[in-house]
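Architecture at a glance
Here are the chains, one letter per residue:
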Amino acid sequence: MEFITDIYECSSTLIEDFNSVEKKIDGDLIKNYIRERTNSNGNKLPKDFHIGLDWINTSKALSFEKELKGKVVVLDFFTYCCINCMHVLPQLKELEHQFKVEDGLVVIGVHSPKFANEHSTANVRAAVERYEITHPVVNDHKEHLWDSLGICCWPTLVVVGPRGELLLYLMGESHENLLKAFVLEAITLFKDQQRISDHSINEIGASKEYKKNEEVLNYPGKVCVIENGSGKLLAVADTGNHKVLVLDQCGNIQYIIGCGVSGLRDGSFEETQFHAPQGLVSIDENTVFVADTENHAIRKIDLKSRRVETVVGDGIQGEDRLGGKEGRAQRISSPWDLVRVSPDILLIAMAGSHQLWAYYLNDTVWWKNKQCKAGVCEAVVGSGKEENRNNSYPMRAGLAQPSGLTVANCRQSAYVADSESSTVRAVNIVDGKVTNVVGGSADPQNLFAFGDKEGCGVDAKLQHPLAVAWSDHKQLLYVADSYNHKIKAIDVSTRNCTTLTGPDLTFNEPGGLCTSENLLYVADTNNHCIKVINLEDNTVKNMELKFGKAEPKEKAFSPSHESSVSLSVSGGRLQLSVVVGVAAGIKPLNETPAAWSLSLPDDWSETESEDGKDELSKHWSLSYPPTPASGNDRVIVRCKLFYCHKDVCAAKQLTFLVNVAFQNTGPADTSHSINYHFSI
């Protein structure tokens with residue numbers, strides 16, 4: 001296995017050299033490195049993909065000897081539980097947007113499982129859909145390729161040349177600049193050497209089964225109860241639809257927050273954008289805070305004014321482990337859950353940095369009489385090392401992807417579902433001391449002590465728990481033992497852990513819990529539903545979501561009332577016009593104008609826009625590159641229309657896909673399609 005040692009050493013040298021010039025792109029440095037790698041002996045891929053593996057996002061197995069020959073291939077070794085692996089996905093998406101398959105790049109996810117639950121292709125497929133991964137993924141459940149290439153950690157990226165040459169190993173998530181520069185120089189160099197093939201691979205592409213139905217939940221994450229003067233409401237993170245829903249206890253939708261398109265935008269409920277929101281906490285009947293996970297932000301929902309604002313983060317993943325800045329100036333990393341531990345303090349499960357952070361709602365004094373200023377967000381528990389380390393000094397403790405929080409004020413404790421260590425931990429909210437409740441092992445570096453076993457303390461075993469909820473009614477701590485597909489109960493005074501049993505207690509990776517008197521609400525993530533458990537007898541019912549009784553959508557927007565798209569070239573620019581056609585009796589809401597949004601290729605720009613004669617039409621003037629490459633570009637227009645039909649008011653999102661084909665230096669042909677779907 002000398003080639004493994006060699007490629008690791010060479011990759012480390014390139015990383016050091018690249019970072020020594022402050023990550024400035026040095027094309028000659030990279031090209032010289034690639035030439036040395038391709039001219040050396042024994043650096044070829046030792047094995048192809050194992051025969052008989054399950055593939056996702058491709059209709060057949062791929063091979064380096066066939067489909068991938070003549071391509072630069074980036075292998076992403078990941079496991080879907082790993083937050084660090086999730087951080088790499090946006091980098092890969094950006095790379096795939098820059099280089100198409102025909103340009104010579106193919107990205108392949110190699111799923112190499114950590115947990116027993118992750119061996120199942122069905123579970124991997126659900127994760128691929130949940131994280132909106134569109135490139136091919138192979139379930140290397142016995143880790144054949146992992147072993148043959150000497151991979152030792154998640155994530156690891158391996159760049160392979162067009163003839164199977166092993167070029168580069170990148171371990172961890174902090175190599176975005178080097179990866180982009182390396183792929184660019186590799187494709188350029190191999191094209192000059194006529195070793196890149198421009199053939200398409202028609203078999204790859206995301207499954208058509210992944211279309212979202214926005215009238216049902218899509219991978220719901222967390223849930224929380226809102227104490228309302230007239231009763232209680234339930235807030236649900238509709239994670240896969242990038243929304244937050246608020247409903248009454250009968251399932252009637254009261255508020256739909258978010259337009260359903262991923263992004264970071266503040267404003268009204270209809271125009272707000274989230275990106276895979278998770279944790280929710282209500283601090284009064286009108287205010288809910290949201291852990292907007294993939295936006296690396298904390299958002300504040302005001303139910304009274306029907307508006308959302310960002311209070312922490314700016315959409316860019318933070319890298320520091322201390323914090324201390326105010327508001328949006330403080331960048332954070334993948335917040336996963338929230339809990340209010342005092343009238344002045346929100347505690348945040350910061351999965352991306354393996355810590356707990358605090359956001360101060362008001363000026364306050366906390367541990368060791370520290371003065372804490374309102375609006376500041378800072379780390380309060382965890383060194384940032386991924387460990388199962390308990391400690392009396394909170395910043396010396398080690399957490400491993402904390403993903404769930406709850407508080408038991410009667411015990412002066414916050415409880416943490418620490419997913420990667422498969423433990424539940426307790427944090428004393430008076431002095432910060434961190435202790436084990438159940439799960440894990442005595443070795444703080446052992447993150448593989450998982451299983452499915454009842455018992456006391458470390459004798460009990462969990463598998464990647466994602467949520468905890470304290471019940472004042474039962475004086476018990478409930479745990480979503482996610483990868484065991486179970487709900488468990490812990491008597492924290494004895495640290496004894498047992499499994500809830502009953503004929504209907506069946507779940508699929510439950511990810512969220514909250515309690516209200518004798519009820520336990522469960523976000524049954526992979527079953528796309530909310531289940532309600534009566535804790536007196538463990539009976540279960542599914543909460544049916546009721547979106548209202550609007551007229552059938554096809555009558556309001558039927559094919560006989562088609563919308564239209566026109567595209568023309570004028571003055572060196574593209575003139576794009578869209579008109580929404582509606583049936584008779586449809587009346588747009590004047591107080592809520594239609595919301596238009598435009599998505600353009602990276603090198604395009606919008607030079608001018610103009611509303612039509614009414615809000616059902618819009619016109620744009622678009623600028624495209626003066627010397628565009630031959631191929632296809634896609635413009636996406638979205639219109640969210642708020643309307644009334646008879647005595648029912650509703651909203652509808654229309655998506656217009658405009659494909660622009662270039663030949664030589666200008667647009668030669670265009671086509672468009674209209675995709676109707678309800679967003680709320």
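See above for the structure.
Quick summary incoming for the structure in this document. (Residues numbered from 1 in each chain as written. Predicted model: local features only at pLDDT ≥ 70, side-chain atom pairs only at ≥ 80, totals over all residues. Heavy atoms only, no water.)

**Comments concerning the overall build of the protein chain**
Regarding its fold elements, the protein chain presents seven helices and 44 strands. In the protein chain, which comprises 680 residues, the share counted as buried stands at 56%. Counting contacts in the protein chain only where the partners sit at least 6 residues apart, residues at least 24 apart contribute 57% of the total. In the structure as shown, the protein chain presents an accessible area of about 28,400 Å², 45% of it carried by carbon and sulfur atoms. (Helix = DSSP H or I, 4+ residues; strand = E, 2+ residues; numbered from the N terminus. Buried < 20%, exposed > 50% of the residue type's maximum accessible area, 1.4 Å probe, protein only. Contact = heavy atoms within 4.5 Å. Areas by Shrake-Rupley, 256 points an atom, 1.4 Å probe, with all protein chains shown as cover.)

**Topic: the nonpolar core**
Among the nonpolar cores identified, the biggest contains 56 residues, and Phe49, Leu75, Ile108 and Phe182 are the most heavily contacted of them. Broken down by element, this core gets its largest block of residues, nine residues, from helix α6 (residues 176-192). Apart from the residues within four sequence positions on either side, Leu75 is in contact with Phe49, Phe64, Ile108, Val110, Leu145, Leu149, Thr156, Leu157, Val158 and Val160. Among the nonpolar cores identified, the runner-up in size contains 23 residues, and Val339, Cys372, Val376 and Ala397 belong to it. (Core = buried A, V, L, I, M, F, W, Y, C linked by side-chain atoms within 4.5 Å.)

**Notes on the pattern of salt bridges**
In total, this model carries 23 salt bridges according to the counting rule given. In this structure, the salt-bridge partner of Arg328 is Asp266, at a minimum N-O distance of 3.8 Å. You can see Arg328 sitting in the loop between β16 (323-326) and β17 (335-342) and its partner Asp266 sitting in the loop between β10 (253-257) and β11 (267-268), a full 62 residues away along the chain. Within the structure, one salt-bridge network assembled from shared partners comprises Asp266, Asp292, Arg299 and Arg328. (Salt bridge = Lys/Arg side-chain N within 4 Å of Asp/Glu carboxyl O.)

**Thoughts on the layout of surface pockets**
Here the second largest pocket defines a volume of roughly 850 Å³. Contributing to the lining of the second largest pocket are 37 residues, with Val225, Val339, Thr406, Val407 and Thr515 lying nearest its centre. Going through the elements one at a time, β7 (223-228), β12 (277-284), β17, β23 (402-408), β28 (467-471) and β32 (512-516) are the ones with two or more residues in the lining of the second largest pocket. Of the residues forming the lining of the second largest pocket, the biggest block, six residues, is contributed by β17. Considering only residue class, the lining of the second largest pocket consists of 19 nonpolar, nine polar and nine charged. (1 Å grid on protein atoms, 1.4 Å probe; cavity = no way out; pocket = protein on both sides within 12 Å on 5 of 7 lines; lining within 4 Å. Points joined across faces, edges and corners; volume = space filled by probe spheres on them. Nonpolar A, V, L, I, M, F, W, Y, C, P; charged D, E, K, R; others polar.)

**Description of the packing of aromatic side chains**
Taken as a whole, this structure holds 14 aromatic pairs when the rule is applied. Taking the centre distance of 5.1 Å and the plane angle of 40° together, the rings of Trp146 and Trp154 count as tilted. Residues Phe289 and Tyr359 carry aromatic rings whose centres are separated by 6.2 Å and whose planes lie at 55° to one another, so their mutual orientation is tilted. Of this pair, Phe289 sits in strand β13 (residues 287-292) while Tyr359 sits in strand β19 (residues 355-360), and the two are 70 residues apart along the sequence. Using a relative accessible area of 3% as the deciding quantity, one classes Phe289 as buried. The rings of Phe77, Trp146, Trp154 and Phe448 are connected pair by pair, giving a single aromatic cluster. Over the ring of Phe448 we find Lys114; its NZ or CZ atom is 5.1 Å from the centre of that ring. Taking the ring centre of Tyr393 as reference, the NZ or CZ of Arg396 above it sits at 4.9 Å. (Phe/Tyr/Trp six-rings, centres within 6.5 Å; stacked < 30°, edge-to-face > 60°. Lys NZ or Arg CZ within 6 Å of the ring centre and 35° of its normal.)

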